[in-house]
Amino acid sequence: MFEYAPAPESRAVVDINPSYGLFIDGAFVDPADGASFKTINPASEEVLSEIAEAGPADVDRAVAAARAAYDKVWSRMPGRDRAKYLYRIARIIQERGRELAVLESLDNGKPIRESRDVDIPLVAAHFFYYAGWADKLAHAGFGPAPKPLGVAAQVIPWNFPLLMLAWKIAPALAAGNTVVLKPAETTPLTALLFAEICQQADLPPGVVNIVTGAGETGRALVEHDGVDKIAFTGSTEVGKAIARAVAGSRKKVTLELGGKAANVIFEDAPIDQAVEGIVNGIFFNQGHVCCAGSRLLVQESVYEPVLASLKRRMARLRVGDPLDKNTDIGAINSAAQLERIRALSDIGGEEGAERWSPPCELPDNGFWFAPTIFTGVTQAHRIAREEIFGPVLSVLTFRTPAEAVEKANNTPYGLSAGVWTDKGSRILWMADRLRAGVVWANTFNKFDPSSPFGGYKESGYGREGGRHGLEAYLDV
Ligand code: NAP
Ligand code: MG
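Quick caveat: nothing in here was measured; it's all calculated off a predicted structure.

A. Spotlight on the UniProt feature "domain: Aldehyde dehydrogenase" (unreviewed entry) in the protein. Sites flagged by UniProt as "domain: Aldehyde dehydrogenase" (unreviewed entry) map to residues 29-475. End C-alpha atoms of residues 29-475 are separated by 32 Å, and the span's content is 41% helix alongside 17% strand.

This is how it looks when you write it as structure tokens:
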């Protein structure tokens with residue numbers, strides 16, 4: 001094994017305030033009842049800051065601010081002027097990229113390599129991309145003068161805190177809506193830094209409002225009478241509850257929920273590249289990815305070499321300090337999520353699958369889970385059916401392409417899938433048959449603001465990204 005000297009990124013590049021208020025009508029304000037909660041660094045359990053918790057009165061105030069900004073300013077502003085604000089925000093995100101990346105890794109636990117090279121560049125790219133649409137809505141194929149919806153309530157999870165914010169806010173503002181966004185309880189800090197960026201960009205007050213809090217704050221927001229549109233990313237369970245709560249109302253809803261993607265390896269695939277794709281598919285972001293390739297389907301004839309190579313590669317993964325530039329796998333986001341991963345993994349063992357992890361030393365403090373694979377998994381096993389949202393891979397086998405399709409589709413979810421083969425014709429044949437919103441061919445977990453992302457079945461409805469992502473914020 002190689003030894004690496006630590007290469008930590010400096011945390012001095014970001015200033016974290018000891019406490020934060022709610023961002024309403026362009027200013028940081030105290031919550032009506034003074035409630036607050038703490039956000040921690042999951043890699044050390046150190047408290048990072050004390051965050052205001054929004055109650056119903058605060059949500060009311062934020063929705064009122066968004067409504068006033070919509071009526072008086074934002075919906076009346078020409079698209080080319082809205083675009084200027086979005087471009088300005090995109091540029092500030094690039095300028096402050098290092099600060100945002102360090103803050104994201106501190107609050108979330110993800111490796112700095114990922115926050116620096118994936119999350120933050122994609123965040124800027126989303127704002128640039130939708131800035132380009134703001135003055136071209138009449139040419140987006142939704143009629144000559146498509147209208148915005150009004151006030152959007154947006155609730156996001158903790159796995160890609162700033163990226164999910166960008167996916168929600170950039171298209172909403174480009175289309176002329178104003179927003180109230182609730183970040184996840186465990187990862188509010190980059191959303192609050194984004195609020196400062198809105199101030200720096202001179203965005204008119206009330207166009208973006210950030211209400212921090214837990215599930216109750218999210219519920220008060222989505223159930224508020226004053227919102228016209230709900231955009232939610234998170235668990236299928238909460239997504240279903242939201243769909244029930246708003247049924248029969250005028251609110252438009254898009255839901256991005258869970259996934260259990262199949263990553264299908266055919267015998268003619270280049271094995272080394274496929275193994276990199278398997279590793280990226282399940283261990284990227286600690287596996288806290290809704291489209292993670294958590295079910296590996298390997299053609300029987302290449303099962304042995306693929307598994308041997310995968311285990312060799314996994315033994316080289318470095319787990320530890322998220323701020324170290326060598327780190328491949330950072331901390332699990334919370335004690336609660338670690339507990340879910342442990343519980344489902346224990347069930348995997350009890351159900352008879354064989355569990356394997358490379359030897360790896362985990363830090364004493366913080367929340368950690370070694371990269372893990374289960375072999376001998378059958379389709380009925382709970383580890384093959386339920387979303388685990390952690391660095392845990394279930395391995396299954398198949399003999400024919402038809403069997404691969406059948407197994408890949410045998411899931412209540414349908415967010416994404418991967419296909420690895422040397423034959424272009426087989427890629428197209430598979431893509432036609434896989435019931436998944438995104439099918440990656442000879443790659444995995446690639447994102448781009450111009451391509452739509454979203455699910456089939458229990459993975460939700462609506463698309464984010466691209467021209468399709470605009471549609472969700474327009475009255476068409
Ligand atoms: P979650 O409970 O659905 O949380 C997503 C967001 O919704 C958070 O901001 C959450 O607030 C908020 N929320 C919770 N209850 C709500 C309610 N009744 N009404 C409105 N908003 C509500 O998901 P999670 O706790 O982050 O993770 C649980 C599981 O969801 C994971 O294990 C994973 O399976 C799945 N998940 C999927 C995705 C995805 O991208 N598809 C992302 C994350 C998680 P707080 O978190 O602040 O309480
Ligand atoms: Mg945190």
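B. Expanded view of the coordination of the magnesium ion (ligand 2). Protein-derived ligands of the magnesium ion (ligand 2) are Thr-39 (OG1), Ile-40 (O), Asp-107 (O), Asp-107 (OD) and Thr-186 (O), with the metal-ligand distances lying across 2.2 to 2.6 Å. In primary-sequence terms, the residues that donate to the magnesium ion (ligand 2) follow T-I-x66-D-x78-T. Taken together, the residues span a long stretch of sequence, with Thr-39 in strand β4 (residues 36-41) and Thr-186 in the loop between β8 (178-182) and α6 (189-200) at a distance of 147 residues. Under the relative-accessibility criterion, Thr-186 is labelled partly exposed at 25%.

C. Representation of the site of ligand 1. If you check the shell around ligand 1, you find 27 residues, and the closest are Trp-158, Glu-185, Ser-235, Leu-257 and Glu-387. Residue Lys-182 places a side-chain N or O atom 2.9 Å away from an oxygen atom belonging to ligand 1. Between an oxygen atom of ligand 1 and a main-chain N or O atom of Glu-185, the distance comes to 2.6 Å. Protein coverage of the free-state accessible area of ligand 1, which is 850 Å², stands at 86%.

D. Main features of the sheet that holds strand β12 (residues 262-265). Strand order in the open sheet formed by seven strands is β14-β15-β16-β13-β12-β17-β18, with mixed pairing between adjacent strands. Two strands in the sheet have a free side with no partner beyond their single neighbour: β14 (354-356) and β18 (438-441). Within this sheet the neighbouring strands show an average axis-to-axis angle of 20°, counted without direction. With four bridges joining them, β12 and strand β13 (residues 295-299) adopt parallel strand pairing. Bridge pairing links Ile-265 to Val-298 in β13.

Rules and cut-offs
Residues numbered from 1 in each chain as written. Chains lettered and ligands numbered in written order. Predicted model: local features only at pLDDT ≥ 70, side-chain atom pairs only at ≥ 80, totals over all residues. Heavy atoms only, no water. UniProt positions renumbered as here; feature names shortened; annotations may be inferred. Helix = DSSP H or I, 4+ residues; strand = E, 2+ residues; numbered from the N terminus. Donors = N, O, S within 2.8 Å, 3.2 Å for Na, K, Ca; no water. Buried < 20%, exposed > 50% of the residue type's maximum accessible area, 1.4 Å probe, protein only. Near = heavy atom within 4 Å. Polar contact = N/O pair within 3.5 Å; in protein donor to acceptor, adjacent residues only side chain to side chain. Areas by Shrake-Rupley, 256 points an atom, 1.4 Å probe, with all protein chains shown as cover. Pairing = 2+ DSSP bridges. Axes fitted to C-alpha atoms, helices over the stretch in contact; angles between N-to-C directions.

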